Amino acid sequence: MPEPIKASNSRYMPGIDGLRALAVLAVIIYHLNYNWAPGGLLGVGIFFVLSGYLITDLLIAQWSRHGRLDMKDFWLRRARRLLPALLLLMVVVVMSVALFVPEQMGRLRGDVWAAVFYVSNWWLVFSEVSYFEKFGPPSPLGHLWSLAVEEQFYLIWPLLVALGLSVVKRRGPLVMLTLGLAALSAILMAVLYVPGEDPSRIYYGTDTRVFALLIGAALAMMWPSRKLTTNISGKARLTLDVVGAASLAILLLSIWKTNQYDDFLYQGGLVLLSIVSALLVAVLAHPASALAKVMGCEPLKWLGVRSYGIYLWHYPVIVLTSPTGMEDGGVIAVVRAALQLVACIVLAALSWKYVEEPIRHGALGRLWANVGSGKKRGASKRSTRILATGCAFALCVIYFGVATLTSGATAGNSTPQPKPVESASAADTAGQKEQAAERAGKPYGPEVPAVVKKPDPAPKPDSQTAAKPKNETKPNATKPAADSTKPAQNQDNSADSKQPKASDAPAVAVQSGKGITAIGDSVMLDVEPYLEKLLPGIVIDGKVGRQMSQAPDTIAALKAQGRLGNRVIIELGTNGSFSKGQLDKLLKALNGVEQIIVINTRVPKPWESVVNQTLADVEATHPNVKLIDWHAASAGKNSYFYKDGVHLNSEGARAYALLVASALAPTEADKESEAQAPKPNEEKPQQQQPAAQEDNKQEHAQKEPQEAEEAQP
């Protein structure tokens, strides 16, 4: 087995590599979008703490031995360790994209240059690329932002350490200065964070993420690995393992329970988790820890040693081999995820064996010396390595190419027509609305009932029927039934789930849309013409890219215009998550509204489950809030969607509109109005004068037999 990287020249710490393995697996699971590990992004924070500890421990050890820091040697060793695998990755990714998805080459160029100079994080910030809310295919190099943060730290931090060690002779003040810098970074994150807005700026920024690296650095000053020995008491051993086990449990629980949209993370949560990570690192660095021996088991150690390469390869593998629109579910998704995990581990192992380790141990220098001197010795061995590396390149390109073409074909089979995503321009949106309006009149799927007033020869009280659709040319088209408006707790979400078909669903009576207001994003724009037919008079306010944080301003504007009804439909969450606090703020803005209907979302993005759970929780605590479960109603209905798996074609828009119309309950005002209205064939009783009461009684008695005869069949 290749020799692992040591924190210093004194001792190798296998438990640290075990923690590396857990951290990189958490990040991979997060990028695979599995809901049972939504906090997998915390693995990056663990890496930051580890890097701060190991690098500072190395620098202090060198200062203790030599009384100075050799900056040139430090940076050259960092370059030999990090650059070869990175350059190999970029060559393979660029070749794969150029051959199989050339339309992405324009965007990839900037990512490549940013990666080469380790400024990917600031490139993403200034390019306004969100880490959390991505609709188009993400860049296969988008994950290199974290390496950029670390490399910027490696460039500046040794200079600050050298200055601090030469000026501040005591470690205590140096630790306090380091923790002070960490506090400034954490405060900056909390100040810049605005609940409800995309936190990508503070997530990417070196200034707002460096606190994790500095916490690890402070730990190295207080807990240098070269001074840790096994000669400690049994009570101290027990304390170490209890603290380590508790820290590990907190991190695993956080990975399981938190998510990237929690306000808590950016308002101190990431700092607390960095401190917990530092406690765990301290335990795993100690040679007397039993937990360190467990975490240093061979499988975890093997993965940890190669964790850098695994991190490099996992994201391009996932991005280039996953469907870009509707995602497969069930067994197919699990098998694809397993193959992706195996592929990134195999690629990392090949990179480690044939590229990273040889270069790290001077292969390039020896090769250059041999070429310069004309020596032939060892040519056969070098040729074998070069051939093996070339084969690895070829396998990577073939794998990426075949998988990319396959995933593209799979995504493209969902619907025959392309659909612009949320970033479409306003002009494109207008065109979409016009096309949708044109499609609304075509016999595709269930027809939206038209408002037709016909005289009823024999009207009955409390009877209300819907006009029948005239041209139902597709009996297999589907629409959700009225009972799908509540979350289906035990409902099968597979393609064979018992969702009602459009032809089997009860017809939705055409009713007036007066007093109803619908607020949404581009999905609402898709549905607008169908809702206007089902609910004439409804006020619809849809906007491409709208977020929940913008809804209160929209509601205030509608109130000022007198267009906010007594029943309000909210369709938001397509473009990103929102907190419960933001939703509560919206509900406060709707104070006085009798009925609020919220619609959950179907979007193949990480925030889907967060949005839907938040809406379900709010419905459970607010009696005037009703949830329409579009996610359950559209399960397995790929024919409803365009290629992006979010926006609705004509069939899906009709089904969506019918689902909304069926969920609208009459308000108290409507019920009172209906109760006060005269029923058909019912005459108002006329008040009689007291003097004429006897005559009326006699007249009534004479009419009774006649009325009885008329009532008989």
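The structure contained in this document is the topic of the report that follows. A quick note: this is a predicted structure, and the numbers were derived from the prediction, not measured. (Residues numbered from 1 in each chain as written. Predicted model: local features only at pLDDT ≥ 70, side-chain atom pairs only at ≥ 80, totals over all residues. Heavy atoms only, no water.)

1. Things to note about the overall build of the protein chain
The helix and strand tally for the protein chain stands at 26 helices and five strands. Taken across its 713 residues, the protein chain has 51% of its residues classed as buried. With an accessible surface of roughly 34400 Å², the protein chain has 60% of that area assigned to carbon and sulfur atoms. (Helix = DSSP H or I, 4+ residues; strand = E, 2+ residues; numbered from the N terminus. Buried < 20%, exposed > 50% of the residue type's maximum accessible area, 1.4 Å probe, protein only. Areas by Shrake-Rupley, 256 points an atom, 1.4 Å probe, with all protein chains shown as cover.)

2. As for the pairing of strand β5 (residues 625–628)
The two faces of a sheet get side chains in turn, since along a regular strand they alternate between them. Burial of β5 is two-sided: the residues Val625 and Leu627 facing one way and the residues Lys626 and Ile628 facing the other way are all buried. Taken together, the four bridges between strand β4 (residues 595–599) and β5 define a ladder with parallel strand orientation. The residue bridging Ile596 from the neighbouring strand is Val625, located in β5. The parallel pair β4 and β5 is bridged by helix α22 (residues 608–621), and the resulting crossover is right-handed. (Pairing = 2+ DSSP bridges. Right-handed = clockwise from strand over helix to strand, strands pointing away.)

3. Some thoughts on the environment of Trp302
With respect to the secondary-structure elements, Trp302 resides in helix α13 (residues 298–305). On the accessibility criterion, Trp302 (32% relative accessible area) is partly exposed.

4. Looking at the packing of helix α2 (residues 42–66) against helix α6 (residues 145–167)
Between α2 and α6, the shortest axis-to-axis distance is 10 Å and the interhelical angle comes to 30 degrees. Judged by the angle between their axes, α2 and α6 are roughly parallel. As α2 packs across α6, the resulting crossing turns out to be right-handed. Where α2 approaches α6, its residues Val44, Phe47, Phe48, Ser51, Gly52, Ile55, Thr56, Leu59 and Trp63 are matched on the opposing element by Trp145, Ser146, Val149, Glu150, Phe153, Tyr154, Trp157, Pro158, Val161, Ala162, Leu165 and Ser166. Looking at the contact of α2 with α6 residue by residue, the class counts come to 15 nonpolar, five polar and one charged. (Axes fitted to C-alpha atoms, helices over the stretch in contact; angles between N-to-C directions. Parallel < 35°, antiparallel > 145°, perpendicular 65-115°, else oblique. Left-handed = near helix turned anticlockwise from the far one by under 90°. Contact = heavy atoms within 4.5 Å. Nonpolar A, V, L, I, M, F, W, Y, C, P; charged D, E, K, R; others polar.)

5. Comments concerning the side chain of Ser254
Within the element layout of this structure, Ser254 appears in helix α10 (residues 234–257). Side-chain polar atoms of Ser254 contact the backbone oxygen of Ile250, separated by 2.8 Å. Setting aside chain neighbours within four positions, we find Ser254 in contact with Gly39, Leu42 and Leu273. (Polar contact = N/O pair within 3.5 Å; in protein donor to acceptor, adjacent residues only side chain to side chain.)

6. Some remarks on the pattern of salt bridges
In the structure shown here, the tally under the stated rule is eight salt bridges. With a shortest N-O distance of 2.8 Å, Arg201 and Asp207 are connected by a salt bridge. Looking at Asp207, the relative accessible area reads 27%, which means it is partly exposed. (Salt bridge = Lys/Arg side-chain N within 4 Å of Asp/Glu carboxyl O.)

7. Section: the side chain of Gln260
Among the secondary structure elements, Gln260 is positioned in the loop between α10 and α11 (263–285). Among the polar contacts listed, one links the side chain of Gln260 to the side chain of Tyr261, at a separation of 3.4 Å. Not counting residues within four places of it along the chain, the set of residues in contact with Gln260 comprises Tyr30, Pro38, Leu41, Phe132, Leu265, Tyr266 and Pro606.

8. What about the packing of aromatic side chains?
The tally for this structure, following the rule as stated, stands at 19 aromatic pairs. Their ring planes at 65 degrees and their centres at 6.5 Å tell us that Tyr203 and Tyr204 sit as a pair that is edge-to-face. Accessibility classification places Tyr203 together with Tyr204 in one group, the buried group. An aromatic cluster of three or more residues is present, and its members are Tyr30, Phe48, Tyr131, Trp145, Tyr203 and Tyr204. One residue, Arg209, lies across the ring of Tyr203, its end atom 4.6 Å from the ring centre. Directly above the ring of Trp256 sits Lys257, whose terminal nitrogen or CZ lies 4.2 Å from the centroid. (Phe/Tyr/Trp six-rings, centres within 6.5 Å; stacked < 30°, edge-to-face > 60°. Lys NZ or Arg CZ within 6 Å of the ring centre and 35° of its normal.)

9. A look at α11
Helix length check: α11 (23 residues) gives 32 Å between terminal C-alpha atoms against 33 Å at 1.5 Å per residue, within 8%. Of all the bends in α11, the greatest, near 65 degrees, is centred on Gly269. (Expected span 1.5 Å × (residues − 1). Bend = angle between axes of the 7 residues up to and from the residue.)

10. A look at the packing of helix α21 (residues 580–589) against α22
The N-to-C vectors of α21 and α22 enclose an angle of 50 degrees; their axes lie 10 Å apart at closest approach. As summarised for this structure, α21 and α22 are arranged oblique, according to the angle between their axes. Remark: the crossing between α21 and α22 carries right-handed chirality. Of the residues in α22, those in contact with Lys580, Leu583, Asp584 and Leu587 of α21 are Thr614, Leu615 and Val618.

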